[in-house]
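Understanding the architecture of this molecule
Take a look at the letters that make up each chain.
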Amino acid sequence: LGVFGSEEDCREQARQLNAGAITDPRPTAITDLHSWELDRLGNQLFRADRFAAAFVCFQSAVLAARQTTDRFALAVALKDRGITHRYMVRHEQALTDLSEAQELFRELDPEGPFYVSTLLNLGMSFAALGVHERALALYDEQLAIARARNDPGMLYASLVRLGDAALGLDRPELALAQ
C-alpha cells in the first residue's frame, strides 16, 4: 500500500479526508502518489465486490487528485468512482463522474484504454437510464477507436454494447449494419 503502510492506515486517511477533517491529504510530501494509492486500494476492493468500501477509496482519490496538478490521476479516479456508481445502480452520479473523466481523457489520451473504458461505462449508464441514442453515439466512438487500433477485445465489447443500444431503440438494423 505504498505511502500508507496498511489498509487500515489508508482507510483512516480516507475517512478523515471524506469528513473534511483534513484539507491536505499528504501523509508524506508525495501528494501525487496519494491519489494513486487510494485508487489502487479502491480497485482491489472493487475486484473483491466490496463496492461501498471501494467507493470510499475512489471518493478520497478524487478529493486528493483535485488538490494536485495530476489531471490524469483525477481522470482515473473519476472513471473508477463513476464505474463504482454504475455498479451500485447510481447512474445519474455515474454520468457526472464519467462525463468529467471523458473530457479529461479526451485531452490527455483520446485513444487510450482509460478513455475507451470511460466511453463504454458512460454508454452503459446512459443505456440503463433509457437514453439509448446517447449510448449508441458513445459506442460508435468506441467502435471507431477499436477498429483503428485493430483491437479484437475492444471491438467485441463495442459491438455487443452497440447491439444492446440498437435493440433498446428497437432498431436492430443498426447493429446488423456493423
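Scoring rules and cut-offs
- Residues numbered from 1 in each chain as written.
- Predicted model: local features only at pLDDT ≥ 70, side-chain atom pairs only at ≥ 80, totals over all residues.
- Heavy atoms only, no water.
- Helix = DSSP H or I, 4+ residues; strand = E, 2+ residues; numbered from the N terminus.
- Buried < 20%, exposed > 50% of the residue type's maximum accessible area, 1.4 Å probe, protein only.
- Contact = heavy atoms within 4.5 Å.
- Areas by Shrake-Rupley, 256 points an atom, 1.4 Å probe, with all protein chains shown as cover.
- pLDDT = per-residue confidence, 0-100.
- Expected span 1.5 Å × (residues − 1).
- Polar contact = N/O pair within 3.5 Å; in protein donor to acceptor, adjacent residues only side chain to side chain.
- Axes fitted to C-alpha atoms, helices over the stretch in contact; angles between N-to-C directions.
- Parallel < 35°, antiparallel > 145°, perpendicular 65-115°, else oblique.
- Left-handed = near helix turned anticlockwise from the far one by under 90°.
- Salt bridge = Lys/Arg side-chain N within 4 Å of Asp/Glu carboxyl O.

Some words on the overall build of the protein
The helix and strand inventory of the protein stands at nine helices and zero strands. For the protein, the sequential pattern of α-helices and β-strands runs α-α-α-α-α-α-α-α-α. The buried share among the 178 residues of the protein stands at 45%. For the protein, restricting intrachain contacts to residue pairs at least 6 apart in sequence, the fraction spanning at least 24 positions comes to 56%. Accessible surface, the protein: about 8,500 Å² in total, of which carbon and sulfur atoms supply 54%.

Here we look at the confidence of the model for the protein
In the predicted model, the protein carries a mean pLDDT of 85, and the fraction of residues at 70 or more is 81%. Across residues 1–5 the pLDDT falls below 50, and counting only partners more than four positions away or on other chains, this stretch makes 20 contacts in the model. Of the regions scoring below 50 in pLDDT, residues 25–30 engages in 13 contacts with residues more than four places distant in sequence or in other chains.

Quick notes on helix H4 (residues 71–87)
The first and last C-alpha atoms of H4 sit 24 Å apart over 17 residues, in line with the 24 Å expected at 1.5 Å per residue. In terms of burial, H4 is largely enclosed, as 14 of its 17 residues are buried. Here H4 starts with a cap whose side-chain oxygen sits 3.3 Å from the backbone nitrogen of Phe-72, and that cap is Asp-70. Val-89 lies just past H4 and shows a positive phi near 60°.

What about the packing of H4 against helix H6 (residues 113–128)?
Direction vectors running N to C along H4 and H6 enclose 30°, while the axes themselves pass 10 Å from each other. Comparing the axis directions of H4 and H6 gives the class roughly parallel. Note on packing geometry: the crossing formed by H4 with H6 is left-handed. Seen from H4, the contacting residues are Phe-72, Val-76, Lys-79, Ile-83 and Arg-86; seen from H6, they are Phe-114, Ser-117, Thr-118, Asn-121, Met-124 and Ser-125.

What about the side chain of Asn-121?
Within the secondary structure layout, Asn-121 lies in helix H6. Taking relative accessible area as the criterion, Asn-121 reaches 6% and is therefore assigned buried. Each residue touching Asn-121, except ones within four places of it in the same chain, is listed here: Ile-83, Arg-86 and Leu-98.

Re H6
Taking 1.5 Å per residue as the helical rise, H6 with its 16 residues ought to reach 22 Å, and the 22 Å between its terminal C-alpha atoms agrees with that figure. Those residues of H6 not exposed but buried are Tyr-115, Val-116, Thr-118, Leu-119, Leu-120, Asn-121, Leu-122, Gly-123, Met-124, Ser-125 and Phe-126. Buried residues along H6 sit against H4, helix H5 (91–108), helix H7 (132–149) and helix H8 (152–168). The positive-phi residue at the C-terminal boundary of H6 is Gly-130, with phi of around 85°.

Focus: the pattern of salt bridges
Taken as a whole and judged by the stated rule, the model has eight salt bridges. The shortest N-O distance in the salt bridge between Asp-164 and Arg-161 comes to 3.3 Å. Pair noted here: Asp-164 and Arg-161 are both in helix H8, with a separation of three residues, about one helical turn. By relative accessible area, which is 39% here, Asp-164 ends up partly exposed. Between Arg-171 and Glu-173 there is a salt bridge, with its nearest N and O atoms 3.1 Å apart. You can call Glu-173 partly exposed: its relative accessible area is 43%.

Looking at the environment of Phe-51
Here Phe-51 lies in helix H3 (residues 51–66). The sequence separation of Phe-51 and Met-88 amounts to 37 residues, and the corresponding C-alpha distance is 7.2 Å. Residue contacts for Phe-51: discarding those within four places in its chain leaves Phe-46, Thr-84, Tyr-87 and Met-88.

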